Amino acid sequence: MGSLARQDATSGDAPLDHDFHSAWGSVYTNRSTVGDGAILPLWQQYAVDKAAVDRKYQLLLNEYTDLFTKVFGGYYPISMHAHATDALMPTTIASLILNTAATSPLVLDSPVLRPKADEKPEETGMRVRDFALNFLGWTETHILAPTFIVADNIYGAGYGPMAHASKEWETSAIAAGPKPVVVNMREADEETLNAQFAEAKAKGCIAVVFDMVSTEDGLVFTPEKFGLVKACCARNRLLLIVDETMTAMRCGAPFAFQRPEYARQVIEYQPDLVIFGKGIGVSGIAISFGGVMTKGLTYTKSEDIRQTIRFWRALVSRPIRLPILLEALSILRASVEENWPEQSERIGEAMREVLHELEPSTKEPGAVQGLGAVIAIDRDIALKYRVMCAIRRRSPWARLLPKLSSTSADREGLMKHVFGKESKGQRQALTLEAEQAGAIPLWCFICGIEATSEDWCRTCYLSYCNNEVCVQAFHRHACI
Ligand SMILES: [Zn+2]
Ligand SMILES: [Zn+2]
């Protein structure tokens, strides 16, 4: 084992390195969460007596749900998925919201609407469904071919209907399902937005989806736009979904829209649903019961909320596997202990200072985009400093997604061990470790996808994929 492992064991915080790709932002920390004092005994028990830990499953799932809801200011992790793309499916969202309406106090507490023991099941089904459609302002079209309205700069998920909105041809070429309605939310005024939302709703749109920081160019959704979109959603009875896969914990608040400047906008409504991603151990959909649409369902009692969550989770065999649940719980606990949202703000400042010092041109307005520890810069700058970024082959922007440890806010450390000549030692240590393990650097330095080349740079600890463009660009890099 090299010096890395030793440093790890003694300091708790892993040393800095030049991996700002962080698995597309899904790695929040280099620190192992297995050692969490409260969870470690469960892992140890799991290794010798799996069944005993399995018997605590509901207890642990409830603990996770409670902690998530506390950390994310009242958002309940109702639906769990392997990947955020699976969560952001119009059909999945439609079923989820129908279930939430059908099991709401408006139905279950109503003598007229609630299921009766002495009636035919079809009658109950029809009545509850009609109520839900009426509440949501839906027709058969919304049920049979639901779609989303998306902001035109949203990245478009990797596959399925959202992939239609991608600007990368490899993604849009495999899109399937009804196309989302793409709206320029950055520039449209209230009247235009309302008209576009109304037209889309009539054609089967059920929700508006956007991200707070564009995955394409790092541009931030302004608080004014956020308020406007919320108001237009309310007016057209559209669900508001924010994709926080990249921005949760990284942008100075648990969810980026919980930053004070956003929270002030049209406070009577919140986004209904939030898509969360693997960084917090599992992907899925979080629901607020104070949302643009969900608020009207009058969920006020905790027991009613627990019940609808139980109903939804009962539709799948186990919403989340036990080892994943343990890890997700540790990650949430670490986020609280280390205050990642606050940390991300400091990291963002330190990173921006370093970039300004190294490249004075980045002081120009608009040269550095993003929010907190989501930083977007000209890709040539990233290439120049030989740092791995979450990058797309055809995008002029590179996204830097540092780990949320305190070391990432250490300006001197960043200068020395990441961007500067002195990073050579750290890169050497990583190379040694990789060669001993038969591994290679994870990401293509040029395009951000999985690296495949065995002929990688041992000096810089950088690799590349087999795409012709990447091979050529890689061989032009100047070694440190
Ligand atoms: Zn590549
Ligand atoms: Zn090199």
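**So, the pairing of strand β8 (residues 283-287)**
Next, step 1: Across the five residues that make up β8, a large majority, five, are buried.
Next, step 2: Pairing of strand β2 (residues 76-81) with β8 involves five bridges; the strand directions are antiparallel. Each bridged residue has a counterpart across the sheet, and for His-81 the counterpart in β8 is Ser-283.
Next, step 3: The pairing of strand β7 (residues 273-276) with β8 spans four bridges and is antiparallel. Bridged to Leu-273 within β8 is Ile-287.
Next, step 4: Count of turn residues in the β7/β8 antiparallel hairpin: six residues, of which Gly-281 carries a positive phi of about 95°.

**So, helix α9 (residues 121-136)**
In an α-helix there are 3.6 residues to a turn, and that puts residues three or four apart on one side.
Next, step 1: Here α9 spans 23 Å end to end across 16 residues, near enough to the 22 Å set by a 1.5 Å rise per residue.
Next, step 2: Turning to α9, its buried residues number three or more, namely Val-128, Ala-132 and Leu-136. Taken end-on, α9 shows its buried residues confined to a sector of 65°, consistent with a single buried face. Turned more than 90 degrees away from the buried face of α9, the exposed residues are Glu-122, Glu-123, Met-126, Asp-130 and Asn-134.
Next, step 3: Where α9 is buried, its residues touch α7 (90-102) and α8 (105-108).
Next, step 4: Immediately beyond the C-terminal end of α9, within one or two residues, lies Gly-137, with a positive phi of roughly 70°.

**Brief notes about the nonpolar core**
Next, step 1: Counting residues in hydrophobic clusters, the biggest one holds 138 residues, and the most contacted among them are Ala-207, Val-208, Leu-239 and Ala-286.
Next, step 2: Among the elements that line this core, the one with the most residues is α7, at seven residues.
Next, step 3: Both of domain 1 (3-29 + 339-475) and domain 2 (45-335) provide at least three residues apiece to this core.
Next, step 4: Discounting residues that sit within four places of it in the chain, Ala-207 has contacts with Ile-93, Phe-148, Leu-238, Leu-239 and Ile-241.

The rules behind these values
- Residues numbered from 1 in each chain as written.
- Chains lettered and ligands numbered in written order.
- Predicted model: local features only at pLDDT ≥ 70, side-chain atom pairs only at ≥ 80, totals over all residues.
- Buried ≥ 20, exposed ≤ 12 C-beta atoms within 10 Å, placed from the backbone.
- Helix = DSSP H or I, 4+ residues; strand = E, 2+ residues; numbered from the N terminus.
- Pairing = 2+ DSSP bridges.
- Expected span 1.5 Å × (residues − 1).
- Arc of directions from axis to C-beta.
- Contact = placed C-beta atoms within 7 Å.
- Core = buried A, V, L, I, M, F, W, Y, C linked by C-beta atoms within 7 Å.
- Domains from an automatic or database assignment.

These values are about where atoms sit, not about what they do.
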